[in-house]
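One-letter residues, chain by chain:
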Amino acid sequence: MEQLILASEECDLVENSVCAPADVAELFEFRTPIFEILGFPITRTVVVIFLTAAVVIGLLFFGLRKKAVQPGKFQTAMEGLIGFIRDEVAVGIIGPDGIRYFPYLLSLFLFILVANAFEVMPFINFPVTSRMAIPLFLALLTYVIFIAAGLRRQGFRYIGDILWPPGVPVALKPLVGIIEFFSIFFVRPFSLAVRLFANLVAGHVMLSILLVTGLVSFLTIGEIGLIKSAFGIAWWLLGLAIYMFEVIVILLQAYIFTLLSAVYIETSLHPQH
Amino acid sequence: MYVLLTKAYYLLQEVEPISEEGAEESGAALLLPAAEELIAGIIAFSIVFFFVWKWGIPVLNTALEARQQAINSQLEAAEAAKVEAESLLADYERQVANAKAEATQIVEDARGAADEVKTGIVERAEAEAEQIKERAQDELLAERERVAGELRRQVADLSLDVAERVVGLSLDDESQRELVDRYIDELGGVS
């Protein structure tokens with residue numbers, strides 16, 4: 001809301017055709033502390049990050065606390081979602097020993113889902129997963145977990161197994177080794193983090209610019225002339241369509257991150273694939 | 001397409017107020033994590049993970065076990081009801097089978113009794129017919145005997161008469177009769 005008001009105050013549609021900030025960082029950087037706790041700055045983003053944790057815990061608590069034998073709609077939905085992560089992702093991808101990683105994968109999925117969902121949540125309108133800190137931390141966590149899982153299961157043979165899949169000719173081993181080394185130890189965590197980050201950044205930029213332009217052109221309909229107003233409302237309608245699209249992206253990106261984490265753990269545990 | 005346009009527009013706008021260095025810095029800055037956000041993210045995710053691990057999963061498991069038990073007990077009840085129904089059905093089937101067998105038995109008994117009665121009647125009729133036939137034959141034989149005796153006596157009398165007349169003297173009655181009988185016997189032996 002604050003964002004919308006700020007943007008609309010600064011926006012001048014008489015001179016420009018869309019409301020876009022001079023610097024894209026203005027849409028993402030909220031570094032001014034609201035207050036401080038023991039010198040730790042509580043910024044708007046920090047508040048939304050903790051709100052994410054609170055919402056996840058609230059969802060789980062209200063979804064599971066009743067232990068009813070005949071569950072209500074909300075409990076059924078939560079159990080369906082949790083069961084999906086357990087059966088299709090944890091056990092479905094990794095196998096029977098995937099149940100060990102189920103708490104992590106479930107936390108990951110719910111945390112990313114809720115953090116993403118703030119993109120389209122009225123009055124918040126800001127996905128914290130579009131701040132590199134969150135995707136980077138989660139990607140590094142997955143990275144540490146899948147390497148630890150591989151080392152624990154196979155010892156140092158894991159490194160050799162993962163660098164040279166079975167059946168690689170000896171002549172190609174150096175080349176394949178270099179490619180696999182970069183692919184697994186650098187590209188994997190980076191792509192995992194950037195995929196989530198970039199999707200949410202793009203979504204947030206599009207929604208902010210289109211919806212704010214639409215709103216401002218509607219509010220200033222007399223000043224900017226008919227053609228610009230018509231364009232503004234067209235942008236607004238496009239923004240609404242993208243809003244619906246973003247709802248899918250939110251769910252999909254949370255699922256992809258969780259799924260890929262499971263796949264990486266699986267390749268560490270069963271290298272023959 | 002639209003995104004590209006927006007971006008192009010936005011880039012054009014940006015060049016004017018901000019120097020190129022500034023733009024690059026702000027773009028790259030987005031890729032670097034802010035310290036307070038990283039710390040907040042670590043703490044928030046840890047809270048979520050510990051909540052899921054220590055509370056969520058155990059609660060989920062107990063709920064699922066309770067439901068499993070409820071379903072199992074319902075299945076058992078259904079199984080018991082099914083067994084009972086099957087035994088009832090078997091009872092009824094046995095009763096129906098018994099009734100059918102009984103009916104068949106009754107019909108067969110009746111048929112047997114009727115056969116016996118029929119056979120009895122026929123046998124009795126045959127025996128009676130046989131008796132009648134035998135009696136008729138006996139009567140016939142007796143009549144024949146009687147007629148033969150009568151005939152013999154008349155023949156004897158006639159013969160005596162004839163002989164008396166022929167001989168003129170009378171033999172005593174007894175000796176005459178013996179004579180005639182002997183004669184007839186001789187005749188009978190010849191014929």
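Up top is the structure these notes are about.
The following refers to the structure shown.

**Looking at the overall build of chain A**
Right, so step 1: Tallying secondary structure elements over chain A gives 8 helices and 2 strands in all.
Right, so step 2: Seen in sequence order, chain A has helices and strands lined up from the N terminus as α-β-β-α-α-α-α-α-α-α.
Right, so step 3: Sorting the 273 residues of chain A into buried and exposed places 48% on the buried side.
Right, so step 4: The contacts in chain A between residues at least 6 apart in sequence include a share of 70% that link residues at least 24 apart.

**Thoughts on the interface of chain A and chain B**
Right, so step 1: Counting from both sides, the interface comprises 55 residues of chain A and, opposite them, 42 residues of chain B.
Right, so step 2: Summed over both sides, the interface between chain A and chain B buries roughly 4,300 Å², with carbon and sulfur atoms accounting for 77% of that surface.
Right, so step 3: The tally of links between chain A and chain B comes to 2 salt bridges.
Right, so step 4: A salt bridge links B:Arg67 to A:Glu79; its shortest N-O distance comes to 2.7 Å.
Right, so step 5: Taken together, the elements giving at least two residues each to the side of chain A that touches chain B come down to strand S2 (40-42), helix H2 (44-64), helix H3 (73-94), helix H4 (102-117), helix H5 (133-154), helix H7 (173-219) and helix H8 (226-269) of chain A.
Right, so step 6: It is H2(A) that provides the largest number of residues to the side of chain A that touches chain B, a total of 10 residues.
Right, so step 7: Here the side of chain A that touches chain B is composed, by residue class, of 41 nonpolar, 6 polar and 8 charged.

**A word on a negative patch on the surface**
Residue and element names in this part refer to chain B.
Right, so step 1: Among the surface-exposed residues, Asp161, Glu164, Asp172, Asp173, Glu174, Glu178, Asp181, Asp185 and Glu186 lie close enough to one another that they form a single negatively charged patch.
Right, so step 2: Taken together, the elements giving at least two residues each to the negative patch come down to helix H3 (35-167) and helix H4 (173-190).
Right, so step 3: Of the residues forming the negative patch, the biggest block, 6 residues, is contributed by H4.
Right, so step 4: As for its position among the elements, aspartate 185 is in helix H4.

**Some words on the pattern of salt bridges**
Residues and elements named next belong to chain B.
Right, so step 1: Per the counting criterion, the structure on display carries 8 salt bridges over all chains.
Right, so step 2: In this structure, the salt-bridge partner of arginine 146 is glutamate 143, at a minimum N-O distance of 2.4 Å. Here glutamate 143 and arginine 146 lie together in helix H3, a separation of 3 residues that amounts to about one turn.

**Regarding the packing of H2(A) against H3(A)**
Residue and element names in this part refer to chain A.
Right, so step 1: Axis separation between H2 and H3 bottoms out at 8 Å; the angle between their running directions is 115 degrees. When the axes of H2 and H3 are compared, the crossing they make is left-handed. Within the contact between the two elements, H2 uses Leu59, Leu60, Phe62, Gly63 and Leu64 and H3 uses Phe74, Gln75, Met78, Glu79 and Ile82.
Right, so step 2: Per-class residue counts for the contact of H2 with H3 are 7 nonpolar, 2 polar and 1 charged.

**Description of the side chain of A:Gln154**
Residue and element names in this part refer to chain A.
Right, so step 1: Residue placement: glutamine 154 occurs in helix H5.
Right, so step 2: For glutamine 154, a relative accessible area of 15% gives the class buried.
Right, so step 3: Within the structure, the side chain of glutamine 154 is placed 2.8 Å from the backbone oxygen of serine 268, a separation counted as a polar contact.
Right, so step 4: Excluding residues that lie within four positions of it along the chain, glutamine 154 makes contacts with Asp161, Ser268, Leu269 and Pro271.

**Points about the nonpolar core**
Soluble globular proteins: nonpolar side chains tend toward being buried together.
Right, so step 1: Core analysis: the biggest nonpolar cluster contains 83 residues, and A:Leu60, A:Leu105 and A:Leu138 have the highest contact counts within it.
Right, so step 2: Mapped by element, the contributors of at least two residues to this core are H2, H3, H4, H5, helix H6 (157-163), H7 and H8 of chain A together with H3 of chain B.
Right, so step 3: In terms of residue count, H7(A) provides more of this core than any other element does, 13 residues in total.
Right, so step 4: Leave out the neighbours within four places in its chain, and A:Leu105 touches A:Ile85, A:Val89, A:Ala90, A:Ile94, A:Thr258, A:Ser261 and A:Ala262.
Right, so step 5: Counting 6 residues, the second-largest nonpolar core is a separate cluster that includes A:Cys11, A:Leu13, A:Cys19 and A:Val216.

**Looking at the packing of H5(A) against H8(A)**
When two helices pack together, their arrangement is given by the angle between the helix axes and the distance between those axes.
All names here are of chain A.
Right, so step 1: Closest axis-to-axis distance for the H5/H8 pair is 8 Å, and the angle between their directions is 20 degrees. Classified by the angle between their axes, H5 and H8 sit roughly parallel to one another. Classified by chirality, the crossing of H8 by H5 is right-handed. Every residue of H8 that contacts H5 at Pro135, Leu138, Ala139, Thr142, Ile145, Phe146, Ala149, Gly150, Arg153 and Gln154 is listed here: Phe257, Ser261, Tyr264, Ile265, Ser268 and Leu269.
Right, so step 2: A class-by-class count of the residues in the contact of H5 with H8 yields 10 nonpolar, 5 polar and 1 charged.

**Topic: the environment of A:Leu81**
Residue and element names in this part refer to chain A.
Right, so step 1: Position of leucine 81 relative to the elements: it lies in helix H3.
Right, so step 2: Sequence separation between leucine 81 and leucine 106 is 25 residues; the distance between their C-alpha atoms is 9.3 Å.
Right, so step 3: The residues contacting leucine 81, other than those within four sequence positions of it, are Phe109, Leu110 and Leu113.

Procedures and definitions
Along each chain, residues carry numbers from 1 onward, in the same order as the chain's sequence is written. Each chain gets a letter, beginning with A, and each ligand a number, beginning with 1, in the order they are written. Totals for whole chains, interfaces and linings use every residue, but because this is a predicted model, local features are given only for residues with pLDDT of at least 70 and side-chain atom pairs only at 80 or more, for both listing and counting. To get the side-chain values, take all heavy atoms of the structure and skip hydrogens and water. Per the convention used, a helix needs a DSSP run of H or I reaching at least four residues, while a strand needs a run of E reaching at least two, with both numbered from the N terminus. A 1.4 Å probe rolled over the protein chains alone gives each residue an accessible area, and that area as a share of the maximum for its type sets the label: buried under 20%, exposed over 50%, partly exposed in between. Contact criterion: two residues are considered in contact whenever any of their non-hydrogen atoms come within 4.5 Å of each other. Here the quantity called buried area is the accessible surface, traced with a 1.4 Å probe, that two parts lose on coming together, added over both. The working definition used for a salt bridge is a side-chain nitrogen of Lys or Arg within 4 Å of a carboxyl oxygen of Asp or Glu. Three categories are distinguished: nonpolar for Ala, Val, Leu, Ile, Met, Phe, Trp, Tyr, Cys and Pro, charged for Asp, Glu, Lys and Arg, and polar for the others, with Gly belonging to the last. Two distance rules govern patches: like charges are joined within 9 Å, and nonpolar side chains (Val, Leu, Ile, Met, Phe, Trp, Tyr) within 5 Å, applied only to residues with over 30% relative accessible area and no salt bridge. For the area figures, the Shrake-Rupley method with a 1.4 Å probe applies, and any residue is considered shielded solely by the protein chains shown. Under the convention used here, Asp and Glu are negative, Lys and Arg are positive, and both His and the chain ends fall outside the count. Charged side chains are reduced to one point each, which is NZ for Lys, CZ for Arg, CG for Asp and CD for Glu. As a rule, the C-alpha atoms of each element are fitted with a line to give its axis, helices using only the stretch in contact, and angles between N-to-C directions run from 0 to 180 degrees. Put simply, a crossing is left-handed when the front helix is turned counterclockwise from the back one by less than a right angle, and right-handed when it is turned clockwise. Two N or O atoms count as a polar contact when they lie within 3.5 Å, although within protein this holds only if one can serve as hydrogen donor and the other as acceptor, and sequence-adjacent residues are included solely when both atoms are side-chain atoms. Among the buried residues, those of types Ala, Val, Leu, Ile, Met, Phe, Trp, Tyr and Cys that are joined through side-chain atoms within 4.5 Å form a nonpolar core. For classification purposes, angles smaller than 35 degrees are called roughly parallel, those larger than 145 roughly antiparallel, those between 65 and 115 roughly perpendicular, and all remaining angles oblique.

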